[in-house]
Amino acid sequence: MTALLELRGVDAAYGAVSVLRGVALEVEDGGMVALLGANGAGKTTTLRAICQMAVKTRGEIRFAGERIDRLATEAIVRRGIGHVPEGRGTFASLSVEDNLRLGAYLRRDPADRGGRRVADDTERMFGYFPVLRDRLHQQAGTLSGGEQQMLAIARALMARPRLLLLDEPSFGLAPIIVQDIFAILRVINREQRTSILIVEQNARLALALVDRVYLLETGRVVTSGPPQQIAADAAVRRAYLGQ
Amino acid sequence: MQALLHQLLSGLANGAIYASVALALVMIFKATHQVNFAQGELAMCATYVASSLIQAGVPYWAAFALTVAISFVAGVVIERAVMRQFQHASVLTQVIVFIGFLILFNSLAGWIFGPTLRSFPSPFDPHAWYGSTYLSPHEVGMIGVTLIVLSIVFVFFRYTRLGLAMRAAAENPQSSRLVGIRVGWMLALGWGLASVLGAVAGMMAAPIVSLEPNMMSGVILYGFAAALLGGIDNPWGAPIGGFLVGMLENLAGAYLVGSTLKLALALFVIVGVLVLRPSGLFGRTVVVRV
Amino acid sequence: MMRAPLGLAAVLAAAIVLPFLVSGFHAFQLTQLVVYAIAILGLNLLTGFSGQISLGNGAFYALGAYVAAALIVHAGVPYWLAPPLAGAVCFVAGYLFGLPAARLEGLYLALATFALAVVMPQLLKLDALARWTGGSQGVLLDKPRSPWPAVIDDDRWLYLFCLAVAVAMFAAAWNLVRGRTGRALIALRDHPIAAGAMGIDIASYKATAFGVSSMYTGVAGALGAIIVGFISPDSFTFVLSIQFLVGGVVGGIASIGGTLFGAGFIELVPNLAKHLSDDAPGVIYGVLLIVCMKLMPGGLAGLVRSARRGFAGPAVPHTRS
């Protein structure tokens, strides 16, 4: 069975600076995968390569069997990939409501009379992240870091993606907020069958969430496997779990 | 007192033109961070097109609508065909490109349409009921048309899906792509709308200043000053800036320095304001995270 | 641009000899080119090296011209003394303008300088100042005579005089850019916050940059007045300021060597355009500008730099080119 997302022999570079070398990666349909590694290993670049954002790539990237590595970002997103980027990427001067509306920008279901399905989805987002309803008309830039992260995830989910890419969602957030967010990720994976590829520096949290881990070191995948196996690896524990 | 009111109201009428041009400049600036110095020349060319249509027998408002449509298309084409080539160029390079366009269109108009003055009709009957000692019917019409156009633009940006997408694309092109917005076409749309605003300004101004290739060179300067006064990144500030500049120009000309120096005085005041408030009256001071 | 001393000497030799090989009118054109080069150098120092965009250099060119004219006609100052004096006046004027202008950035500064350029001709036409400016009618100057008429005629003598001034000013600019002031200006341009944190008094340096730039442009203006022999307010419209900017960018805005190319461009291309099309020279000029910017976005200097890099192999990308 072909995986939902496949990377094969992917090289990536910013101009003359090469970052990824021969990266191979798979995300099963309905699966949750973590991409771990130190700073500068190329984790963010991998997510960017999938969405063709400001990076030149070689090699194959397939989504649902179709090659997407030659498409523009907008076209890739149209095929069902949601990306919550580094730094959240919310539209700071627009309201929370407008941010969510933009998340649903691509949804033009002819069967959806009066945008009811979009409204239902918005309600569902409020269910996951109640604070967004409270802040509905506030400017997104005035939200706290954790709230913006929730908004960024909600916005990506509004498009009902098949695959959700998250770049360091825990960055700069209080542990309890991070736990809430990860719990929600588990819920959407179970309820909506949204596949997840998450990049994290916080290895412990990621290991508890996913069913497969890839470890990236200076642009190469050095090891991969189920989280228990990776966590048991003594070298990994020394380098990434501080043991 | 009556004279003062007359000057103020008449200034408001001139200000309507500056308001349109200022908004056009701000629109393109918000989307592309470029100032389209050639906006005035594009507007002048559009006005010539309207003039030719009218001279060919097309009724005024039909010519108006047709000119608006043509300007829109022209703006989109220029952005897609030419400006797109320079989207990653430095600020100075872009400025020179705009200067090139300015010179090009100015000369083109003179060549195609001839340098002699043409009169341009006003659609507003000079004896209409809404004229008064303070404002001629055309001046009332100018303000009216400008307010209608500005309102349509605001409603579009505030309440439509496309308007929201354009605002998003202007603010954060990267994130916009991530929600599926075709940012390039949003820029082209912005150019189209800006051209429409310019064309309206030109057609409203022409009956007063007469149509000739250099018709808009003073206007673009006032429009630019008005946009900066209002805050170059604030679409609400631009029309307010425009009306203020119109009134300022008239007051300066009538009461302070006469018409030769009113431009100098108006600019002096504006620059003075900018030195005190470097981001304009309503502009956002840009905080750059180091 | 680093040039081997031999190459520089060759260029200088060619520059000295050239006017003797061409007609009197072309010698005049060459002289005008040299004068424009000094003005564009002034703009480059301001915009290229200290990062302050100016659309108003024409105003200082005008100021230099009128100060020189007033000194020569009303105060009997000899022509060779007028340019440095005019330069000094322009330095002060530029510095005074630069102090409040230091608060403005980018577009806002562009507007303020453009306002200056627009206003200048109107100020020059004021009746109140007509005693010194000659009002709308302008001022006539006597053309300087060659000290050795048997050896060298007036036109070529003027050329050599302007060339000498230009060489001196270029050398001074070269030193300035490489010295402490120059480095401070470049730091200011690229990393203003860091520069401030290092103790560089931003406003003072910016105003000084304005002063130096105006001085150069003022000297050019004075020379321009002398070689043409007639000045009037309409010779100094905002178009001149735009032309200087065009010349600066086309040559390469942070390049001293590029100014010659830029000066040549603004001197000769408009004539070329008029040649090619009598009715619509602007169309040709405008198209040429746009094409030029596409092909050489960094000006001629940028082109030379990338050609050099092409030979040397890929290099670490600069944060600013």
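Trainee: How would you explain the overall build of chain B if you had to name every residue and give the values?
Mentor: Regarding its fold elements, chain B presents 10 helices and zero strands. Going from the N terminus to the C terminus, chain B shows its helices and strands as α-α-α-α-α-α-α-α-α-α. Taken against the 2.2 N^0.38 rule, which gives 19 Å for 290 residues, the C-alpha radius of gyration of chain B at 19 Å falls within 12% of a compact globule. In chain B, buried positions account for 58% of the 290 residues. Considering only residue pairs separated by 6 or more positions, chain B has 76% of its internal contacts joining residues 24 or more positions apart. Of the accessible surface of chain B, which amounts to about 11900 Å², a share of 69% is contributed by carbon and sulfur atoms. Of the side chains in chain B, 13 bear a positive and 8 a negative charge, and the two mean positions are spaced by 16 Å.

Trainee: Provide a residue-level description of the interface of chain B and chain A, including the pertinent values.
Mentor: Counting from both sides, the interface comprises 19 residues of chain B and, opposite them, 22 residues of chain A. Counting each side, the surface lost to burial between chain B and chain A is near 1900 Å², with a carbon and sulfur contribution of 58%. On the surface where chain B and chain A come into contact, there are two salt bridges. Put simply, Glu-74 of chain A and Arg-177 of chain B hold a salt bridge, and the shortest N to O gap is 3.7 Å. At the boundary of chain B with chain A, the tally comes to five residue pairs in polar contact (both at pLDDT 80 or more). The set of elements that each furnish at least two residues to the side of chain B that touches chain A consists of α6 (161-171), α7 (173-178) and α8 (183-209) of chain B. Tallying contributions element by element places α6 of chain B first for the side of chain B that touches chain A, with six residues.

Trainee: Now, about the sheet that holds strand β2 (residues 17-27) of chain A: what can you tell me, with residues and values included?
Mentor: All names here are of chain A. Taken in spatial order, the four strands line up as β2-β1-β4-β5 in an open sheet, and their pairing is antiparallel. The open sheet is flanked by β2 and β5 (66-67), the only strands paired with a single partner. Strand contacts of helix α1 (residues 43-51): β1 (5-14), β2 and β4 (56-63), with the helix running at about 110° to β1, the strand carrying the most contacts.

Trainee: Give a detailed account of the pattern of salt bridges, specifying residues and quantitative values.
Mentor: According to the stated counting rule, one finds 22 salt bridges over all chains in the structure shown. In this structure, Arg-80 of chain B engages Glu-79 of chain B in a salt bridge whose closest nitrogen and oxygen atoms are separated by 3.2 Å. For the salt bridge of Asp-154 of chain C with Arg-145 of chain C, the shortest nitrogen-to-oxygen distance reads 3.1 Å. Each of Glu-97, Asp-98 and Arg-101 of chain A together with Arg-167 of chain B takes part in a single network of salt bridges with overlapping partners.

Trainee: Account for the sheet that holds strand β8 (residues 195-200) of chain A, with residues named and values stated.
Mentor: All names here are of chain A. Ordered by their spatial adjacency, six strands build an open sheet running β6-β7-β8-β3-β9-β10, and the pairing between neighbours is mixed. One side of each edge strand has no neighbouring strand; the edge strands of this open sheet are β6 (81-84) and β10 (220-225). When strand polarity is set aside, the average angle formed by the axes of neighbouring strands in this sheet is 15°. Of the pairings in the sheet, the one linking strand β3 (residues 32-37) to β8 comprises five bridges and is parallel in character. Bridged to Met-32 within β8 is Ile-196.

Trainee: Break down the interface of chain C and chain B for me, citing the residues and quoting the values.
Mentor: Accessible area lost on assembly of the parts is the figure often given for the size of an interface. Residue-level contacts link 34 residues of chain C with 38 residues of chain B. Across the interface of chain C and chain B, roughly 3200 Å² is buried in total on both sides, 84% from carbon and sulfur atoms. The interface formed by chain C and chain B includes zero salt bridges. Inspection of the region where chain C meets chain B yields six residue pairs in polar contact (both at pLDDT 80 or more). Element by element, the count of residues in the side of chain C that touches chain B is highest for helix α13 (residues 281-295) of chain C, at 10 residues. Considering only residue class, the side of chain C that touches chain B consists of 27 nonpolar, four polar and three charged.

Trainee: Which residues make up the packing of helix α1 (residues 2-32) of chain B against helix α5 (residues 137-159) of chain B, and what values do they have?
Mentor: Residue and element names in this part refer to chain B. For the pair α1 and α5, interaxial distance at closest approach is 9 Å and the crossing angle is 30°. Taken together, α1 and α5 sit at an angle that is classed as roughly parallel. By crossing handedness, the relation of α1 to α5 is classed as left-handed. Contacts between α1 and α5 involve Leu-9, Ser-10, Leu-12, Ala-13, Asn-14, Ala-16, Ile-17, Ser-20, Leu-23 and Met-27 from the former and Glu-139, Met-142, Ile-143, Thr-146, Leu-150, Val-153 and Phe-157 from the latter. Taken together, the residues of the contact of α1 with α5 sort by class into 12 nonpolar, four polar and one charged.

Trainee: Outline the pairing of β1 of chain A, listing residues and values.
Mentor: Residue and element names in this part refer to chain A. Where β1 and β2 come together, seven bridges link them in antiparallel fashion. Counted as the bridge partner of Leu-5 is Val-27 from β2. The loop that links β1 with its antiparallel partner β2 comprises two residues; one of these, Gly-15, has a positive phi angle of about 65°. When β1 meets β4, the two strands line up antiparallel, connected through seven bridges. Paired with Leu-7 across the strands is Ile-61, a residue of β4.

Trainee: Explain the side chain of Thr-46 of chain A to me, and be specific about the residues and the numbers.
Mentor: All names here are of chain A. Note that Thr-46 resides in helix α1. A polar side-chain atom of Thr-46 sits 2.7 Å from the main-chain carbonyl oxygen of Gly-42. Apart from the residues within four sequence positions on either side, Thr-46 is in contact with Leu-7, Leu-20, Leu-25, Leu-35 and Leu-216.

Trainee: Any chance you could break down the arrangement of the chains for me, citing the residues and the numbers?
Mentor: Between all two pairs of chains that are in contact, chains B and C come out with the most contacts. If you take every C-alpha in chain A and every C-alpha in chain C, the smallest gap between them is 8 Å, and the two do not touch.

Trainee: How would you sum up α6 of chain B? Please name residues and give values.
Mentor: Taken as a whole, α6 of chain B has its buried residues at Gly-163, Leu-164, Ala-165, Met-166, Ala-168, Ala-169 and Ala-170 of chain B. Considering only its buried residues, α6 of chain B is in contact with α3 (96-103) of chain A together with α1, α5, α7 and α8 of chain B.

Trainee: Account for helix α7 (residues 154-178) of chain C, with residues named and values stated.
Mentor: For α7 of chain C, with 25 residues, the first-to-last C-alpha span of 36 Å sits near the 36 Å given by 1.5 Å per residue. For α7 of chain C, the N-terminal capping position is held by Asp-153 of chain C, with its side-chain oxygen 3.3 Å away from the main-chain nitrogen of Asp-155 of chain C.

Trainee: Talk me through the packing of aromatic side chains; I want residue IDs and the actual numbers.
Mentor: Residues and elements named next belong to chain B. Scanning the entire structure with this criterion turns up 26 aromatic pairs over all chains. Judged by centre distance (5.4 Å) and plane angle (80°), the ring pair of Phe-37 and Phe-224 falls under edge-to-face. Here Phe-224 lies in helix α9 (residues 217-230) and Phe-37 lies in the loop between α1 and α2 (39-55), a separation of 187 residues in the sequence. Take Phe-224: its relative accessible area is 4%, and that puts it in the buried class. Between Trp-61 and Phe-124 the ring centres are 6.3 Å apart and the planes differ by 70°, which places this aromatic pair in the edge-to-face class. With Trp-61 in helix α3 (residues 60-81) and Phe-124 in the loop between α4 (91-113) and α5, this pair connects stretches of sequence that are 63 residues apart. Among the residues examined, Phe-124 registers a relative accessible area of 13% and is labelled buried.

Calculation rules
Residues numbered from 1 in each chain as written. Chains lettered and ligands numbered in written order. Predicted model: local features only at pLDDT ≥ 70, side-chain atom pairs only at ≥ 80, totals over all residues. Heavy atoms only, no water. Helix = DSSP H or I, 4+ residues; strand = E, 2+ residues; numbered from the N terminus. Rg over C-alpha atoms; globule rule 2.2 N^0.38 Å. Buried < 20%, exposed > 50% of the residue type's maximum accessible area, 1.4 Å probe, protein only. Contact = heavy atoms within 4.5 Å. Areas by Shrake-Rupley, 256 points an atom, 1.4 Å probe, with all protein chains shown as cover. Lys, Arg positive; Asp, Glu negative; His and termini not counted. Charge placed at Lys NZ, Arg CZ, Asp CG, Glu CD. Buried area = accessible area lost by both parts, 1.4 Å probe. Salt bridge = Lys/Arg side-chain N within 4 Å of Asp/Glu carboxyl O. Polar contact = N/O pair within 3.5 Å; in protein donor to acceptor, adjacent residues only side chain to side chain. Pairing = 2+ DSSP bridges. Axes fitted to C-alpha atoms, helices over the stretch in contact; angles between N-to-C directions. Nonpolar A, V, L, I, M, F, W, Y, C, P; charged D, E, K, R; others polar. Parallel < 35°, antiparallel > 145°, perpendicular 65-115°, else oblique. Left-handed = near helix turned anticlockwise from the far one by under 90°. Expected span 1.5 Å × (residues − 1). Phe/Tyr/Trp six-rings, centres within 6.5 Å; stacked < 30°, edge-to-face > 60°.

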